[in-house]
Amino acid sequence: MDHAPKLDGTLNDPLWLDAKPITDFRQREPHEGETATEKTEVRILYTRHAVYFGIHCYDSEPSRIIATELRRDVSQGLDDHFEILIDSNHDRRGAYVFEINPLGTQNDGLVVEEQGGTDGGDFDRGWDGVWTSDARITSDGWIATIGIPFTTLNFTHSLDVVWGLNFKRFIRRKNEEDLWSAYRRTFGIAKVSQAGELSGIKDIGSGKLFIVKPYGLAQYDKQTGQAPKFPLTGGIDLKYGLTSNVVLNLTGNTDFADTEVDLEPFNLTPFKVFIPEKRQFFLENAGVFNFDIGDQDQLFFSRQIGIDSVTGQQVPINGGARLTGTIGRTEFGFMDVDTRSSGPNPYANYAVARLKESLWAGSYIGVMGIDKQSGDPLDSFNRTSGIDTRLVFFKDWFVDAHMAGTQSPGHPSGNSDVGASLSYRSNWVEGKFERRKIGLNFNPEVGFIELTNANETYGDLTFKARPRISGVRELQFEGFILHAPDTHGVVQTQEWQGTFRADLNNGGYTDDDIADVFTQRITTPLHIYKSVFIPNGLYHFARHQLTYGSGQDRRFTYNFFERFGGYYGGTLNEFRVRASYRPTTKFSISAMETWDRFRLPLPNGNFSVVLASLQGNYSFNRFLTFTSLIQMDTSNSQAVSANLRLRYNYRPDSDLYIIYNIGTQFASIAPANPPQIREIRFAVKFTYSFSP
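Description of the structure in this document. (Residues numbered from 1 in each chain as written. Predicted model: local features only at pLDDT ≥ 70, side-chain atom pairs only at ≥ 80, totals over all residues. Heavy atoms only, no water.)

Of the regular secondary structure elements, the chain holds 2 helices and 39 strands. By the compact-globule yardstick of 26 Å for 692 residues, the chain fits well, its C-alpha radius of gyration being 25 Å. For the C-alpha atoms alone, the extent of the chain along its principal axes is close to 80 × 60 × 50 Å. Expressed as a percentage of its 692 residues, the buried residues of the chain come to 53%. Nonlocal contacts in the chain, meaning residues at least 24 apart in sequence, comprise 58% of its contacts between residues at least 6 apart. Just so you have it, the chain exposes about 29,300 Å², and 57% of that area is on carbon and sulfur atoms. Looking at the chain, you have 70 positive and 83 negative side-chain charges, and the mean spots of the two groups are 2 Å apart. (Helix = DSSP H or I, 4+ residues; strand = E, 2+ residues; numbered from the N terminus. Rg over C-alpha atoms; globule rule 2.2 N^0.38 Å. Buried < 20%, exposed > 50% of the residue type's maximum accessible area, 1.4 Å probe, protein only. Contact = heavy atoms within 4.5 Å. Areas by Shrake-Rupley, 256 points an atom, 1.4 Å probe, with all protein chains shown as cover. Lys, Arg positive; Asp, Glu negative; His and termini not counted. Charge placed at Lys NZ, Arg CZ, Asp CG, Glu CD.)

Here you go:
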């Protein structure tokens with residue numbers, strides 16, 4: 001076309017009528033492969049500089065369409081929504097995803113190596129693209145119109161284009177998921193290799209990516225025991241597409257004041273706490289650097305850069321560079337970040353390299369290297385390297401294996417991690433068997449690992465059934481066993497568990513641990529609360545769990561969790577309740593409270609800890625939102641913290657933030673519950689994104 005169609009949330013523009021619609025959508029949930037219960041049409045148009053989608057989601061009961069979320073980049077799982085997946089390089093491994101709800105609210109992200117987001121969603125929401133959208137509810141459903149510049153997809157001039165393409169529609173009140181392709185229950189939209197194809201785009205103009213995004217920051221910052229500071233500073237981020245498959249990111253004097261605060265955890269275990277990354281620079285293309293080594297353990301964990309892992313304080317970043325992309329069958333990522341000294345943290349430089357060679361659909365072999373250079377004379381360097389592979393057979397069988405090692409001053413041996421697993425996944429059964437050996441001195445300082453000096457054996461088996469019971473979608477019965485003595489065979493960690501789960505048609509669920517039996521050796525007194533330390537020893541105890549979550553098709557949703565039983569020679573009752581209420585499209589509120597009641601055979605061993613949070617969101621429109629989070633943790637002497645944030649998205653990828661924070665922004669990931677440094681911060685941050 002010579003010009004773009006109107007993107008006004010209607011299909012009234014005559015240009016849309018000339019496009020042949022895509023209509024063959026099939027259910028992934030609840031009835032795999034059956035025709036969707038509601039009709040969906042997708043029309044595609046393009047000009048030399050952008051591609052356009054006109055989406056008509058017909059609905060037999062339009063008054064029951066659910067649309068409540070106006071905030072950009074927030075999960076739309078509680079709304080009706082529509083997703084577009086574009087594998088613009090047609091490598092069948094990674095893709096862009098664009099999501100929209102009936103209010104026109106945008107969410108976007110990436111799929112890397114056919115992996116969804118760490119939050120359980122379809123994609124990693126760390127990537128932000130520039131695109132336009134509008135939507136509205138009509139008398140026969142809802143309509144959305146979307147325009148995506150080729151620059152967002154990092155296109156160079158091309159005479160003939162073939163994309164991998166897929167669409168997903170989600171109908172909230174039916175908890176129904178409809179896809180154009182990859183509608184097997186074990187696939188989903190993240191299964192890029194099973195996407196359909198779009199061909200016929202010819203003679204498009206240059207779409208090379210080039211974005212410059214400077215920022216200015218003015219703030220008041222007062223930390224405990226220090227004089228207040230009034231810094232006025234700025235920095236810059238740059239994103240440049242060297243080719244259609246290779247992107248260079250540069251950052252200078254990086255700041256994360258606009259990042260949402262962490263929910264404060266109370267750690268009940270002798271292990272570290274895994275907290276997902278929230279900072280934009282590290283989230284974008286984060287999947288390229290994934291190197292899983294078991295459960296939540298990661299060879300590279302970006303939160304170890306720029307955040308003190310114990311206090312949660314920011315460590316200033318001088319600058320960084322990241323180069324990611326694919327050449328032929330090889331996917332690569334290189335990153336270098338430099339931090340300056342701050343408090344107990346000396347200056348440091350972090351270099352990361354990741355390579356993956358694609359073998360066949362979903363399969364790869366890869367290597368990773370990490371080098372940390374530090375100003376700490378006692379820990380001047382830490383180097384980590386590893387090789388890993390994933391092999392997929394017959395679409396349902398998976399072999400994963402890795403070998404990794406570390407080097408640090410004074411640790412010449414016992415510094416390896418070797419593991420392998422065999423998994424099977426189908427609609428009716430899932431299973432996994434894993435063996436892993438972790439040396440005493442394995443120490444990836446830029447990674448995340450719960451346990452060292454372990455010789456692990458793990459087995460898990462889940463049976464799934466879909467009986468004809470009113471309101472019930474699926475029943476699951478799971479059992480697993482973990483046996484992890486140390487490398488000399490001495491008992492260290494053991495756990496076995498039996499679980500029953502029921503998923504309901506309305507999105508509700510119940511998740512109950514019939515028995516969760518632990519054996520745990522404590523080798524360093526565990527500081528659990530104020531003056532209470534759990535002494536060294538070998539402990540045996542069992543716990544039980546009851547969980548219920550309400551249906552997700554209502555404006556008021558809730559869930560509760562009760563876990564009770566033994567705990568290191570005494571007892572512990574954990575009760576948690578969460579509730580959310582969305583009375584209008586502009587306002588939502590959620591609350592959470594956890595009550596941990598300890599009865600331990602120790603001095604001062606009878607005590608309770610309460611964690612609570614209250615979060616409110618008000619959206620004046622899709623571009624101006626106010627969020628607030630108030631938290632309380634009675635295990636701290638200063639129990640209350642608060643974060644208030646106003647965001648004005650005045651143009652695509654450009655924002656004005658006004659932020660007030662008292663408490664901490666980033667939570668500690670350290671074992672036990674070390675004290676954290678509190679601060680009072682008021683900040684005004686302005687970003688402006690443009691293409692030279």
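The rest of the description comes next.
With respect to the secondary-structure elements, Phe150 resides in the loop between β8 (141–149) and β9 (161–171). Residues Phe150 and Gly116 lie 34 residues apart in sequence; the distance between their C-alpha atoms is 24 Å.

Glu29 connects to Pro30 through a cis peptide bond whose omega is 0°. Assignment of secondary structure puts Pro30 in the loop between β1 (26–29) and β2 (40–46). Although it is not a glycine, His90 adopts a positive phi angle of roughly 50°. Within the secondary structure, His90 sits in the loop between β4 (81–87) and β5 (95–100). One non-glycine residue, Asn453, lies in positive phi territory at about 50°. When you line up the elements, Asn453 lands in the loop between β24 (429–438) and β25 (454–465).

Turning next to the pairing of strand β3 (residues 50–58). Most of β3 is tucked away: 8 of the 9 residues are buried. Where β2 and β3 come together, 7 bridges link them in antiparallel fashion. In the sheet register, Leu45 faces β3, and the bridge partner there is Tyr52. Hairpin connection of β2 to β3: 3 residues between the antiparallel strands. With 9 bridges connecting them, β3 and β8 associate as antiparallel partners. Pairing of His56 across the sheet is with Ile143, part of β8. (Pairing = 2+ DSSP bridges.)

This part is about the nonpolar core. Counting residues in each nonpolar core, the largest one holds 64 residues, and the members touching the most others are Phe53, Phe82 and Trp163. Excluding residues that lie within four positions of it along the chain, Phe53 makes contacts with Trp16, Val42, Arg43, Ile44, Ile84, Ile86, Ala144, Thr145, Ile146, Ile148, Leu165 and Phe167. Leu526, Val532, Tyr567 and Phe607 belong to the second-largest nonpolar core, a separate cluster that totals 19 residues. (Core = buried A, V, L, I, M, F, W, Y, C linked by side-chain atoms within 4.5 Å.)

Hydrogen bonding along the main chain pairs the strands of a sheet, whether they run parallel or antiparallel. In spatial order, the strands read β2-β3-β8-β7; together these 4 strands make up an open sheet with antiparallel pairing. The sheet is open, and its two edges are formed by β2 and β7 (132–138), each paired on a single side. Strand-to-strand twist across the sheet, computed as the mean angle between neighbouring axes with direction ignored, equals 10°. (Axes fitted to C-alpha atoms, helices over the stretch in contact; angles between N-to-C directions.)

Counting across every chain of the model gives 47 salt bridges. Arg501 is the salt-bridge partner of Asp511, the closest N and O atoms lying 3.3 Å from each other. Of this pair, Asp511 sits in strand β28 (residues 509–522) while Arg501 sits in strand β27 (residues 493–504), and the two are 10 residues apart along the sequence. (Salt bridge = Lys/Arg side-chain N within 4 Å of Asp/Glu carboxyl O.)

With that settled, the discussion passes to the packing of aromatic side chains. Applying the stated rule across the entire model yields 38 aromatic pairs. Geometrically, the ring pair formed by Phe53 and Phe167 is edge-to-face, given 6.1 Å between the ring centres and 75° between the ring planes. With Phe53 in strand β3 and Phe167 in strand β9, this pair connects stretches of sequence that are 114 residues apart. Residues Phe53 and Phe167 agree in their burial class; the two are buried. (Phe/Tyr/Trp six-rings, centres within 6.5 Å; stacked < 30°, edge-to-face > 60°.)

Right, let's get into the environment of Thr145. The residue Thr145 is located in strand β8 in this model. Measuring from C-alpha to C-alpha, the distance between Thr145 and Phe53 comes to 5.7 Å, with 92 residues separating the pair along the chain. A polar contact is formed between the side chain of Thr145 and the backbone nitrogen of Asp8, at a distance of 3.4 Å. (Polar contact = N/O pair within 3.5 Å; in protein donor to acceptor, adjacent residues only side chain to side chain.)

Time to look at the side chain of Gln106. Along the polypeptide, Gln106 turns up in strand β6 (residues 106–111). At 3.2 Å, the side chain of Gln106 and the side chain of Arg72 are in polar contact. In contact with Gln106, other than residues within four places in its own chain, are Arg71, Arg72, Asp73, Gln76, Glu99, Trp131, Thr132, Ser133 and Arg622.

A few words now on the pairing of strand β35 (residues 606–619). Here 13 bridges tie strand β34 (residues 587–599) to β35, and the two strands are oriented antiparallel to one another. Residue pairing across strands places Asp596 opposite Val609, the latter belonging to β35. Hairpin remark: β34 followed by β35, antiparallel, with 6 residues in the connecting loop; positive phi at Asn604, about 60°. Relative to strand β36 (residues 624–633), β35 runs antiparallel, the two being bridged by 9 bridges. In the strand pairing of β36, Tyr618 is matched with Phe626. Remark: 4 residues form the turn of the hairpin made by β35 and β36, two consecutive strands paired antiparallel.

The next subject is the environment of Asp237. Along the chain, Asp237 falls in strand β13 (residues 232–243). Distance in space between the C-alpha atoms of Asp237 and Gly141 is 41 Å, their sequence separation being 96 residues. What Asp237 contacts, discounting residues up to four positions off in sequence, is Ile211, Val212, Lys213, Leu250 and Thr251. At a separation of 2.6 Å, a polar atom in the side chain of Asp237 contacts the side chain of Thr251.

Along the chain, Lys168 falls in strand β9. According to the relative accessible area criterion, Lys168 is buried, its value standing at 5%. Of the polar contacts made by the side chain of Lys168, one reaches the side chain of Asp122; its length is 2.6 Å. If we ignore the near neighbours within four places in the chain, the residues touching Lys168 are His81, Phe82, Glu83, Asp122, Glu177, Asp178, Leu179 and Ile189.

As far as function goes, none of this settles anything; it's purely spatial.
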